[in-house]
Structures are given as structure tokens and as C-alpha cells.
Amino acid sequence: CQLLMSIIGNNLLAGSSGGAASYEIQRSLRFNEDDDAFLTRTPSSAGDRTEWTWSAWFKRGSIEPASTRGLFGSYTASNNTDYLEITFASDNRLLIQANSIVHLKTEQVFRDLSAWYHVVIAVDTSNSTPDDRIKIYVNGQQVTDFNTRNNPGSGVNLAINQAGLHRLGIRPTGSDDFDGYLAEVNFIDGTAENQHAFGETDSA
């Protein structure tokens, strides 16, 4: 598997919001929208565009009405119709959209500026069950309640993992910066992992 990036290390106390257990996540990265701060990577060759996993801890720093905030995505600079983005939509729901066809938006909203959340997005477009082609896990629980859900077609190549520009902390087209913190950002090429690949759930 290929690790896109792993941001670790700085004594940051974190845990799922309202949980009984907590632990340290180290070295979060601060994204300030006023500074236009984000990270980029352009792979020299494409990986598996049908099966991959992205995970991260995040904490939002601000909420602006009617504003979209980008977390991670990719697009082809010469043809931005080939794109995929993971964002907070203007209604503060988590949104995954690609090529104006795939469109998954959670019913859950993310407006608590004091909370750390963990998100896992597992993609396997070759899965025979359409609703299992993109799975979202938040704080160890699979999201099953969607405001909008349009699944990808069977075996379709998505823009993530193409040999093109990838951006973290901003929308892939270069606008609408994320404002907040990201930590333990991981990308896995070639497998669709669940939440247990990145930690364990402690309800004690």
C-alpha cells in the first residue's frame, strides 16, 4: 500500500466527541483559511483508482454560512471535469462528489468547533453492492443516513490516485480553504479498509 502522508507527533489530546476514552494524537497541522495554507502532491504515476482508503482526524476552526470548505481531493489540471473532492458543504454536512455524478452527503452536520472527529472513507467501485462502493465511517461508526446519495458506477475510475494534482486542506480546484486542524492523515492505495485499520473503539 502507498502512504500519501502521515502527520503525527505534538501531544494533542483527542478522542471522539462525548466518548469516555481519550488518547493522544501528536502533531496536528493547523490550516488557516486567511493564510491560504494547504498541501499538494502530484504522483509520478497513477495508483489504483477503483480501490483506496483515506482517513484523518479533524477539528473545525470556524464555520461560515454558505461556504464550502475543502479537505482533500484531486483533479486534472487540463480538464477539471476529472475530479473528486471531500469537503464540508455550505450546510456543514460532509460531502464527497466526483465528476458531477458521484454525490454523497451525510445527514449528520459538523458544527461543533470544540470536537475532534475521525473520518474514514473507503472506496471500492468494483463492489457488487452499489451502497458499498463508498463507505464513510465517523468516530468508529459507519454512516448509513445520507441527505443525498448517488453511488459510483461499477468499476469506475475516480480521480483520486491519478497521476495528477492532489490537494489537502483546500478544494482540488484551489479555492475554499479548510479552516481548522488535521492530524494522522493517511491514504492507502489498493485496499478499502474499515475504521478498525486506524484504531480501536473503547466504550469503557
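Residues numbered from 1 in each chain as written. Predicted model: local features only at pLDDT ≥ 70, side-chain atom pairs only at ≥ 80, totals over all residues. Heavy atoms only, no water.

Caption draft 1: Fine view of the sheet that holds strand β15 (residues 180-189). Here we have six strands laid out as an open sheet, ordered β3-β15-β5-β10-β11-β12, and antiparallel in their pairing. Either end of the sheet is taken by a strand with one partner, and the two such strands are β3 (29-31) and β12 (141-142). Relative to β12, strand β11 (residues 134-138) runs antiparallel, the two being bridged by two bridges. Bridge assignment links Val138 to a residue of β12, and that residue is Gln141. (Pairing = 2+ DSSP bridges. Helix = DSSP H or I, 4+ residues; strand = E, 2+ residues; numbered from the N terminus.)

Caption draft 2: A look at the nonpolar core. With 34 residues, the main nonpolar core has Trp54, Leu84, Ile86, Ile121, Ile136 and Leu182 as its most contacted residues. Those elements that place two or more of their residues in this core are β5 (51-60), β6 (69-76), β7 (79-88), β8 (93-98), β9 (102-109), β10 (117-124), β11 and β15. Beyond its immediate stretch of four places on either side in the chain, Ile86 contacts Trp54, Gly70, Leu71, Phe72, Leu94, Leu95, Ile96 and Ile121. (Core = buried A, V, L, I, M, F, W, Y, C linked by side-chain atoms within 4.5 Å. Buried < 20%, exposed > 50% of the residue type's maximum accessible area, 1.4 Å probe, protein only. Contact = heavy atoms within 4.5 Å.)

Caption draft 3: Highlighting the environment of Lys105. Of note, Lys105 is situated in strand β9. Distance from Lys105 to Asn150, taken between C-alpha atoms, is 9.1 Å for residues 45 residues apart in sequence. Ignoring sequence-local partners within four residues, the contact set of Lys105 consists of Ala89, Asp91, Arg93, Leu94, Leu95, Phe146, Asn147 and Thr148. Separated by 3.2 Å, the side chains of Lys105 and Asp91 make a polar contact. (Polar contact = N/O pair within 3.5 Å; in protein donor to acceptor, adjacent residues only side chain to side chain.)

Caption draft 4: Examining the pattern of salt bridges more closely. A full pass over the atoms with the stated rule returns ten salt bridges. Ionic pairing is found between Asp131 and Arg149, a salt bridge with its closest N-O pair at 3.6 Å. Of the two residues, Asp131 sits in the loop between β10 and β11 while Arg149 sits in strand β13 (residues 146-150), which places them 18 residues apart along the sequence. Arg149 gets classed as partly exposed once you look at its relative accessible area, which sits at 25%. If you follow the salt bridges from partner to partner, you end up with Asp91, Arg93, Lys105 and Glu107 in one network. (Salt bridge = Lys/Arg side-chain N within 4 Å of Asp/Glu carboxyl O.)

Caption draft 5: Geometry of unusual backbone geometry. Notably, Asp36 is not glycine yet its phi reads approximately 55°, a positive angle. You can call Asp36 partly exposed: its relative accessible area is 45%. A positive phi angle, near 50°, is found at Asn139, a position not held by glycine. Among the structural elements, Asn139 can be located in the loop between β11 and β12.

Caption draft 6: Up close: the packing of aromatic side chains. A complete count under the given rule lists eleven aromatic pairs for this structure. Arranged with centres 5.8 Å apart and planes meeting at 65°, the rings of Phe58 and Phe110 form a pair that is edge-to-face. With a gap of 52 residues between them, Phe58 in strand β5 and Phe110 in the loop between β9 and β10 connect regions that are remote in the sequence. Considered together, Phe58 and Phe110 belong to a single accessibility category, that of buried residues. (Phe/Tyr/Trp six-rings, centres within 6.5 Å; stacked < 30°, edge-to-face > 60°.)

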